[in-house]
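Analysis of the macromolecular model
In case you want the letters, here they are:
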Amino acid sequence: MGQAPLDQDADRLLVGEIGAAQGLKGEVRLRSYTQDPAEIAAYGPLQDEAGATLIEIEHVRVTPKAVIARIKGVSTREGAEALNGTKLYLPRASLPEREEGEWYVADLIGLDAVDPSGAPLGTVVGVHNFGASDLVEVAPANGGETLLVPFTEASVPEVDIENGRLVLVPPEELEED
């Protein structure tokens, strides 16, 4: 999975969000949080936020500027515009089991962030990617502004989902504080 939005629950994962209409024939721009953006269509019907409506992606194409999707039953620009902002969820049971050393980004939200000695640093509140690479967002244990740390092996050498923590090597400026 890619970016980890904050509105997860134990049984469903947010895997994408429908954006603006694309063209006149009912296509939409799609923000996909799956590792391969085009694979969002492979999961089958997705649920809206309420869980009441199933949304089926018939076709996805990835362009240099956007992921474009055709939604089953939507053939007009007006129909596509009505879906703008719809969040797309997938039941967790539909996802493959994690392999050793793998995790879904949504599973990182809420983990305790500790330094290499085990001292608490805060809580993971998000994982973001603004174009360059993933960043882990941590709310400090002592309050204050959240901290964004590169999600690299050097900065985050250990992720332990089962024990609810990740080891974070704090940036030098944080260590000085």
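Structure's up top.
Below: a short report on this structure. (Residues numbered from 1 in each chain as written. Predicted model: local features only at pLDDT ≥ 70, side-chain atom pairs only at ≥ 80, totals over all residues. Heavy atoms only, no water.)

Notes on the overall build of the chain
The line we're drawing: Here a strand is any run of E in DSSP of at least two residues, a helix any run of H or I of at least four, and the numbering for each starts at the N terminus. Burial classes follow relative accessibility: with a 1.4 Å probe on protein chains only, a residue under 20% of its type's maximum area counts as buried, one over 50% as exposed, and anything between as partly exposed. Areas reported as accessible are Shrake-Rupley estimates using a 1.4 Å probe. Residue values count occlusion only from the protein chains shown. Asp and Glu count as negative and Lys and Arg as positive, but His and the ends of the chain are not part of the count. Where a charge lies is defined by one atom per residue type, namely NZ (Lys), CZ (Arg), CG (Asp) and CD (Glu).
From N to C terminus, the chain includes two helices and 13 strands. Seen along its three principal axes, the alpha-carbon backbone of the chain occupies a region of about 55 × 30 × 25 Å. Of all 177 residues assigned to the chain, the portion counted as buried reaches 40%. On the chain, roughly 10000 Å² of surface is accessible, and the fraction owed to carbon and sulfur atoms is 48%. Of the side-chain charges in the chain, 13 are positive and 32 negative, and the distance between the mean point of each set is 15 Å.

Quick notes on the environment of D134
Heads up, the rule is: Contacts are assigned to residue pairs that have any heavy atoms within 4.5 Å of one another.
Secondary-structure assignment places D134 in strand 10 (residues 134-140). Take D134: its relative accessible area is 26%, and that puts it in the partly exposed class. In sequence terms D134 and V149 are 15 residues apart; their C-alpha atoms lie 8.7 Å from each other. Among all residues touching D134, those that are not within four sequence positions of it are V127, H128, N129, V149, P150 and F151.

Examining the pattern of salt bridges
Our working rule: Counted as salt bridges are all cases of a side-chain nitrogen of Lys or Arg within 4 Å of a carboxyl oxygen of Asp or Glu.
Scanning the entire structure with this criterion turns up seven salt bridges. For the salt bridge of R61 with E27, the shortest nitrogen-to-oxygen distance reads 2.8 Å. Of this pair, R61 sits in strand 5 (residues 57-62) while E27 sits in strand 2 (residues 27-32), placing them 34 residues apart in sequence. Residue classification places R61 among the partly exposed positions, given a relative accessible area of 34%. With a relative accessible area of 14%, E27 lands in the buried category. Among the salt bridges present, the one from R77 reaches E81, with a minimum N-O distance of 3.2 Å. In this pair, R77 and E81 are both assigned in helix 1 (residues 77-82), four residues apart and thus about one turn of the helix distant. The partly exposed category is assigned to E81, whose relative accessible area is 40%.

Some thoughts on the environment of E78
Inspection of the secondary structure puts E78 in helix 1. Along the sequence, E78 and K25 sit 53 residues apart, while their C-alpha atoms lie 9.2 Å from each other.

A closer look at the pairing of strand 9 (residues 120-129)
Selection rule: The pairing criterion is simple: DSSP has to find at least two bridges between the two strands.
Sheet topology places strand 8 (residues 112-114) next to strand 9; three bridges connect them, and they run antiparallel. What sits directly across from D112, in strand 9, is T123. Here strand 8 folds back onto strand 9, and the loop between the two strands holds five residues, one of which, G118, carries a positive phi near 100°. Where strand 9 meets strand 10, seven bridges bridge the pair, whose relative direction is antiparallel. Along strand 10, the bridge assignment pairs N129 with D134.

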